[in-house]
Each structure stands twice: as structure tokens, then as C-alpha cells.
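Breakdown of the fold
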Amino acid sequence: MTDVTDGVLHTLFRTDQGGHEQVVLCQDRATGLKAVIAIHSTALGPALGGTRFYPYASEEEAVADALNLARGMSYKNAMAGLGHGGGKAVIIGDPERIKTEDLLLAYGRFVASLGGRYVTACDVGTYVADMDVVARECAWTTGRSPENGGAGDSSVLTAYGVFQGMRASAQHLWGDPTLRGRKVGIAGVGKVGRYLVEHLLEDGAEVVITDVRADAVHRITEAHPEVAVAADTDALIRTEGLDIYAPCALGGALNDDSVPVLTAKVVCGAANNQLAHPGVEKDVADRGILYAPDYVVNAGGVIQVADELQGFDFDRCKAKASKIFDTTLAIFARAKEDGIPPAAAADRIAEQRMAEARTPTPSGEAAQV
């Protein structure tokens, strides 16, 4: 038995972060595909979550990421009020080097073999055009192009939802939902961050950005010369007078190194899994920093791709994403009432919804959430 398998079994059966219903390891030697599909929960409906294409350092790291991301999707979908459970897939490798049409088709066949228990979409390293290819082999694919019956880029509503989370944070902390005059730092101005910049500037915020890709930074500053640039994330989080920090790249932004030096009063961003390990949410709260749970505020994208399954309507999706404002405020209120950090409050609400969905009613049917 390999170390990878040992790691999977240990996480699934012997840790609090386990409890996943199903984990599928996929391999197609002809195309070079190596993938992991993790289904955390189908209590609320078929698992829904994107496909991440990333050059992981090891297979074990890829499996761990799939498990963490799938669990996060269960909570995200529950808090977004969707009829979906949580799942996630990762394809191992550098998409710039190994991504081919044949590989994506092979991946689509693996997803299809699950018979609808998992619905896939875009994530880091995969795009609308990729989902169009996957959909040729798999009906349970969303995030496709409008030309192929899809909704297109989900980053638009993801950014809109994060903006609503920021507005709710401002309402809770400063008594006014506007970001006018607030200094907001965005780490990562790619898929989602670039749209978030637009919302913030329209609302009158002062924006500071950073990104590991110089071209992403240049695209923003060329269009908006008033946007300031920090040398890197470390410099950004130490920026004097920063009101809100928005992590919009990869996870783990809130960790033992970053939390002690954060100057922002609010953390609200699009990145998944921002809390590097259990306990960080308490460290954030102990510093008097308000944390808007990532899986709540970044749910605009999954709201969009879920809607695509029933015939996409942008206005309907935007109305649902607007409710992220109210949901975020409700989480802050629950956190205050229970005397716990907002992240723990969001978890409690999501877990309650999933538990109620699993509980049989007197008629023998599952309770509806």
C-alpha cells in the first residue's frame, strides 16, 4: 500500500477533516491524466465543485487539496442555499504543459462514470473552453460557454458576491455598507480580483493590488492609473491604513506569519481555504479583525454554475448573489450571539442545514432545506 493511500485512509477515517462519502483516483496513461475526484457530501443533492488543474509537488498533496476543497464546497453550497452537496476534482500536472483535448475528454469520461453524483465546473487552471471539451463526454458539466449552452465566466458573479460580503462587513463594523473612502488591498488580480477592482472603484474605495504576474498588475494599472501597487503580499498586508484585505489567489492566506502583522480591520476575499489551519480564526478574532468566511462570500460563482443546470438567467443569479450581503450579516450576528468567531458560526449554520437534510421526516422523506 502506497503512502498516498495511507494518507487518504488516515484523513477519511481517522481525522475530523474526513467524513467524505467517496474518493476516486483516476488515471489514463494514454493521455497522461492523473486526477482525484472527492465527494464530501450529497446530503443536499449531487456534489458540485470545480476542477483544479495544478502542478502539485506530490500526489499526496493533490489528494489532500481535493479533500479539503470538496469539504469546503459542502459548506459553501449549503450556505448559498443550493440543492447541491460538495465535491471537487484536481488534475495533477502543469496545465501549460500537459493539458490537451484528449486528456480533458478522458477526464470527462471519469466524471461521467459517477452517474451524476458529481457535477464539475472551472477552477484554478481550467477555463470555460475546457468545460466545453469535458462536456462532450459528460452531461454533468457546467461553467460552459454561452455558445455551448452555458453561462460563461463565473468570475463575474464571484467578484460581485465578494463585494457584497465587503459591504456587509462595512455595515457590521462601521455602520454603513459603502466602501467609499476605505482602503482595500487585493492579493491576486486574475480571474476574480480584476472584477473586484472595478466594483470597489465604482463604490469610491481606494485600491492597492499585488500579483505574482506582472501582466495581471499591468492590465489593472493601465486601465486604472489611480490603483496603487504593493511589491508583494507581505508588503500589502503591512500597508499602513489598510481597512480591508482581500485574498484572491490560492489558499492559506491567514496563517501564523500573516495574522500577527495584518494591518487591515477586515479580511474578505475570493480565495478558498484562507484559514491555514484550525485555530487561525481565533487568532484573527483575538486581534480584533473581522473575518468574512471565504466560502460564504465567494459563492457567487457556484450560484451561477448551479443555475446553468436549469437554464441560465443572469438577473436571477445576480439576485441570488446579492443575498450574500444578508447571509454575511446573519453570520456576524450568530457569531456575536454564540461568542464564537464568524468562521465557526458559518460552519454551525452549514452543518445544521446538512444534518436537517439527512434527517428523515415523519413521512420517511428527507427534510428539505
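Residues numbered from 1 in each chain as written. Predicted model: local features only at pLDDT ≥ 70, side-chain atom pairs only at ≥ 80, totals over all residues. Heavy atoms only, no water.

For the rest of this paragraph, the subject is the environment of L67. In this structure, L67 sits in helix 2 (residues 59-79). Linking L67 and V280, residues 213 residues apart in sequence, is a C-alpha distance of 19 Å. Discounting residues that sit within four places of it in the chain, L67 has contacts with T11, L12, H20, V23 and A38. (Helix = DSSP H or I, 4+ residues; strand = E, 2+ residues; numbered from the N terminus. Contact = heavy atoms within 4.5 Å.)

Our next topic: the packing of helix 13 (residues 314-322) against helix 14 (residues 324-338). Contact geometry of helix 13 with helix 14 gives a least axis separation of 5 Å together with a crossing angle of 15°. As the angle between them shows, helix 13 and helix 14 are arranged roughly parallel. In contact with K320, A321 and S322 of helix 13, helix 14 contributes I324, F325 and D326. Here the contact of helix 13 with helix 14 is built from residues that sort into 3 nonpolar, 1 polar and 2 charged. (Axes fitted to C-alpha atoms, helices over the stretch in contact; angles between N-to-C directions. Parallel < 35°, antiparallel > 145°, perpendicular 65-115°, else oblique. Nonpolar A, V, L, I, M, F, W, Y, C, P; charged D, E, K, R; others polar.)

Counted under the stated rule, the structure contains 3 aromatic pairs. Ring geometry for Y75 versus Y295: centroids 5.8 Å apart, planes at 65°, classification edge-to-face. Pair noted here: Y75 is in helix 2 and Y295 is in helix 11 (residues 294-297), with a separation of 220 residues, a long-range link. Y295 shares its class with Y75; the two are buried. Relative to F314, the ring of F312 has its centre 6.4 Å away and its plane inclined at 75°; by these criteria the two rings are edge-to-face. Residue classification places F312 among the partly exposed residues on the basis of a relative accessible area of 28%. The partly exposed category is assigned to F314, whose relative accessible area is 35%. Note that R182 overlies the ring of W174, its terminal NZ or CZ placed 3.8 Å from the centroid. Directly above the ring of Y127 sits K191, whose terminal nitrogen or CZ lies 4.4 Å from the centroid. (Phe/Tyr/Trp six-rings, centres within 6.5 Å; stacked < 30°, edge-to-face > 60°. Buried < 20%, exposed > 50% of the residue type's maximum accessible area, 1.4 Å probe, protein only. Lys NZ or Arg CZ within 6 Å of the ring centre and 35° of its normal.)

Another aspect to go through is the pairing of strand 5 (residues 118-122). Put simply, side chains in a regular strand alternate between the two faces of the sheet. Within strand 5, 4 of the 5 residues are buried, leaving the element largely enclosed by the surrounding structure. Summarising the sheet, strand 3 (residues 47-54) and strand 5 pair through 5 bridges and their orientation is parallel. By the bridge assignment, T51 is partnered in strand 5 with C122. (Pairing = 2+ DSSP bridges.)

Another aspect to go through is the side chain of T126. Here T126 lies in the loop between strand 5 and helix 5 (128-134). Classification of T126 by relative accessible area gives buried; the value is 1%. Within the structure, the side chain of T126 is placed 2.8 Å from the backbone oxygen of T51, a separation counted as a polar contact. Polar side-chain contacts of T126 include one of 2.8 Å to the backbone nitrogen of D123. When sequence neighbours within four positions are dropped, the list of residues in contact with T126 reads T51, F53, K99, A121, M131 and K191. (Polar contact = N/O pair within 3.5 Å; in protein donor to acceptor, adjacent residues only side chain to side chain.)

Counted under the stated rule, the structure contains 19 salt bridges. D123 is the partner of R52 in a salt bridge, and the nearest nitrogen-oxygen pair spans 2.6 Å. With R52 in strand 3 and D123 in the loop between strand 5 and helix 5, this pair connects stretches of sequence that are 71 residues apart. Note that D243 and R182 form a salt bridge whose closest N and O atoms lie 3.9 Å from each other. Here the residue D243 occupies a position in the loop between helix 9 (233-237) and strand 9 (244-247), and R182 occupies one in the loop between helix 6 (155-174) and strand 6 (183-187), the gap between them amounting to 61 residues. The exposure class assigned to D243 is buried, which follows from its relative accessible area of 8%. Judged by relative accessible area, R182 falls into the partly exposed class, the value being 24%. Here the salt bridges do not stand alone but share partners, grouping R52, D65, K88 and D123 into one network. (Salt bridge = Lys/Arg side-chain N within 4 Å of Asp/Glu carboxyl O.)

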